[in-house]
Amino acid sequence: MTSLLRPRLLRATAAFALGLALAAPARADVTADQVWEYLRLATSVQGITLSANHSRRGDQLLLTRVRLDLPDGSAVILPDIALHETPDHSVTVELPKRFPLTLDLPPKPGDPDMLSLTVASPDLAITIRSLDAQVDYALSASSISASLDKFDLAPGGTSGPIDVFFALAAADLALDWKSATTSRERSGDSQLSVGTIHAEFRIDAPDEPLKAAAALDISALSAKLKAFAPADSWYVLDEIDRTGRPSFPELMDLTDRGLMLDASVTYGPIAVTMDAPVSPDGPTAAEFSASKGGISLGFDRKGFAYDESWGPSRVYVRTNDPTSPVATIEAMLEEYRTTWRLGFPDSATPDNAPEWGILFRLKGFGLSDQLWSLADPQKLLPHDPMSLVIDLSGTYTLDPKVMAPDWAPKPDDPPPVTAASLNLTDFLVSGLGLSLTGSGGFGFDFTDMTTFDGAPLPSGKMSFVTIGANGLIDRLDRMGVLPEEDRTAARFGLLFLGRIEGGEDRLVTGIEFRDRGFYLNGQKIR
């Protein structure tokens, strides 16, 4: 059923949104007739026909029998709409406080002919301030909700109806959109905030048998978008996408002229729940929650940046499946974060060394006692939360040939750089009584690809400290999961890779490249 409802309503909604964002030459003042024509034009570009009876009543343009006909033969029937021209030369879009939103479907065996949502928003305010080259509109509502009206669905092969329910509600909604469009440039600056979002879905299909419910709750949702595209940028980007050849000079030229994107989404507490008391595999329930999270993407003359993170989170699954070794599964995570950074060379000094960085942080990953009982029934292993952190940074110097207009990389070519550096800012592996930390850095000379057999010449050193490795080997031996030959090989490997310092189960490993040679713990290996 959701496959019927979502694509059509989303497409119709997107068409209306595009209509509000569409810019065309016009007078500075916004009129209701302009808004209506823009909506019709925007929907027609998407292959959708927007129709309505319209009439003037003073400073209002009244739209009745509003209808969106989609290319697949379905139609969305909207309520009466009033476009009200205000004294400050804006236009407000006025909808009923409560109205049905109906989806008229083409006849199809087993599917309903019509779906209807009841939409309610007592103080929804939509104001269009400009639809000239400068597009400016705002939307706000203290609350807005939509619920699917009850209907019975009886697909082919079932003897009884399927009961389906869906509802969506949001509070403290605010959207502010500003964009500017000329024949050569485009820009946008928008913000969206939602205090809370609640979505709920229920289904009851006796013939399956299936009875389930799911819910989503999000708080403190915020999204921001700022972008600028200079002249010819779409042509250049489309050409790169079409040919598959990165044109670095043209891309840098666009960023020199202001090409940029700054987008982010953040949220506070989030929770997803699912409960299926009746299912073919028996009663099942699942939960996911996180205290906060976010994702951001940036691109400008300085470089590219991506960041994604979660705060403390929890996953819980309960099942009565007789084939499952445990009835409940629970996992906790203190922090997750992934970051990518790549700086761009300065046009004035193309041989400079921009910075790069990669961060992966998974901290405080813990398992429930039931899961630990499967892996460690004798309770020989420490059950402390586990962590993995890798924080790398460095610089690189771009090969000048990359700036040639006809340059294109070949599959077997080395990276187009002449020098690079790598710094291990933070490194941590911990869990099962084992701790491995590291730090240091290397430099790489790409003009010497022969000393180390096709690899750039390295220089620098890193050091690692391993604590608890022998203790882990002893525990795995007592658990009976480590054969004797593997245990012996592991101990010899540890003695080869590290030297004992500061305790009998503390190993220090030093890796160094100098004088075109490789040294391990001070001993020259190559």
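As shown above, the structure is provided for reference.
This report concerns the structure included in the present document. Keep in mind it's a predicted model, so treat the numbers as computed, not measured. (Residues numbered from 1 in each chain as written. Predicted model: local features only at pLDDT ≥ 70, side-chain atom pairs only at ≥ 80, totals over all residues. Heavy atoms only, no water.)

## With respect to unusual backbone geometry
And then number 1: Phi at Arg65 takes a positive value of approximately 50°, unusual for a residue other than glycine.
And then number 2: Its place among the elements puts Arg65 in strand β2 (residues 60-69).
And then number 3: Relative accessible area serves as the criterion here: at 68%, Arg65 is assigned to the exposed category.
And then number 4: The phi dihedral of Asp172 is positive, around 55°, even though this residue is not glycine.
And then number 5: Structurally, the position occupied by Asp172 is in strand β11 (residues 162-181). (Helix = DSSP H or I, 4+ residues; strand = E, 2+ residues; numbered from the N terminus. Buried < 20%, exposed > 50% of the residue type's maximum accessible area, 1.4 Å probe, protein only.)

## A word on the pairing of strand β6 (residues 98-104)
And then number 1: In this sheet, β6 lies alongside strand β3 (residues 75-77) in antiparallel orientation, the contact comprising three bridges. Within β6, the position partnered with Val76 by the bridge is Leu103.
And then number 2: Where β6 lies against strand β7 (residues 114-120), seven bridges are found, and the strand directions are antiparallel. From the neighbouring strand, Arg98 faces β7, where its bridge partner is Ala120. (Pairing = 2+ DSSP bridges.)

## Quick look at the pairing of β11
And then number 1: Alignment of strand β9 (residues 134-148) against β11, held across 13 bridges, turns out to be antiparallel. Counted as the bridge partner of Ala141 is Leu173 from β11.
And then number 2: Where β11 and strand β12 (residues 186-205) come together, 18 bridges link them in antiparallel fashion. Across the sheet, the residue bridging to Thr181 is Arg186, located in β12.

## Structural notes on the environment of Asp253
And then number 1: Mapped onto the elements, Asp253 comes out in helix α4 (residues 248-256).
And then number 2: Asp253 gets classed as partly exposed once you look at its relative accessible area, which sits at 35%.
And then number 3: For the pair Asp253 and Ser233, spaced 20 residues apart in sequence, the C-alpha separation works out to 9.6 Å.

## Observations regarding a nonpolar patch on the surface
And then number 1: A surface patch of nonpolar side chains, amounting to about 340 Å² of accessible area, comprises Leu297, Phe304, Trp340 and Leu342.
And then number 2: Within the secondary structure, Leu342 sits in strand β21 (residues 335-343). (Patch = residues over 30% accessible without salt bridge, like charges linked within 9 Å, V, L, I, M, F, W, Y side chains within 5 Å. Areas by Shrake-Rupley, 256 points an atom, 1.4 Å probe, with all protein chains shown as cover. Salt bridge = Lys/Arg side-chain N within 4 Å of Asp/Glu carboxyl O.)

## So, the pattern of salt bridges
And then number 1: The final tally for this structure, using the stated rule, is 21 salt bridges.
And then number 2: Here Asp307 and Arg337 are joined by a salt bridge, their closest N and O atoms 2.8 Å apart. Taken together, the residues span a long stretch of sequence, with Asp307 in strand β18 (residues 303-310) and Arg337 in strand β21 at a distance of 30 residues.
And then number 3: By relative accessible area, which is 30% here, Arg337 ends up partly exposed.
And then number 4: Arg526 serves as the salt-bridge partner of Asp453, at 3.1 Å between the closest nitrogen and oxygen. Residue Asp453 is found in the loop between β25 (434-445) and β26 (457-467), and its partner Arg526 is found in the segment after β30 (523-524); the two are separated by 73 residues along the sequence.
And then number 5: In this structure, a network of salt bridges that share partners links the residues Arg129, Asp136, Asp176 and Lys178.

## Points about the nonpolar core
And then number 1: Val35, Leu63 and Leu83 are the most contacted members of the largest nonpolar core, which totals 37 residues.
And then number 2: It is helix α2 (residues 32-45) that contributes the most residues to this core, five residues altogether.
And then number 3: The residues contacting Val35, other than those within four sequence positions of it, are Val30, Leu83, Val91, Ile128 and Leu131. (Core = buried A, V, L, I, M, F, W, Y, C linked by side-chain atoms within 4.5 Å. Contact = heavy atoms within 4.5 Å.)

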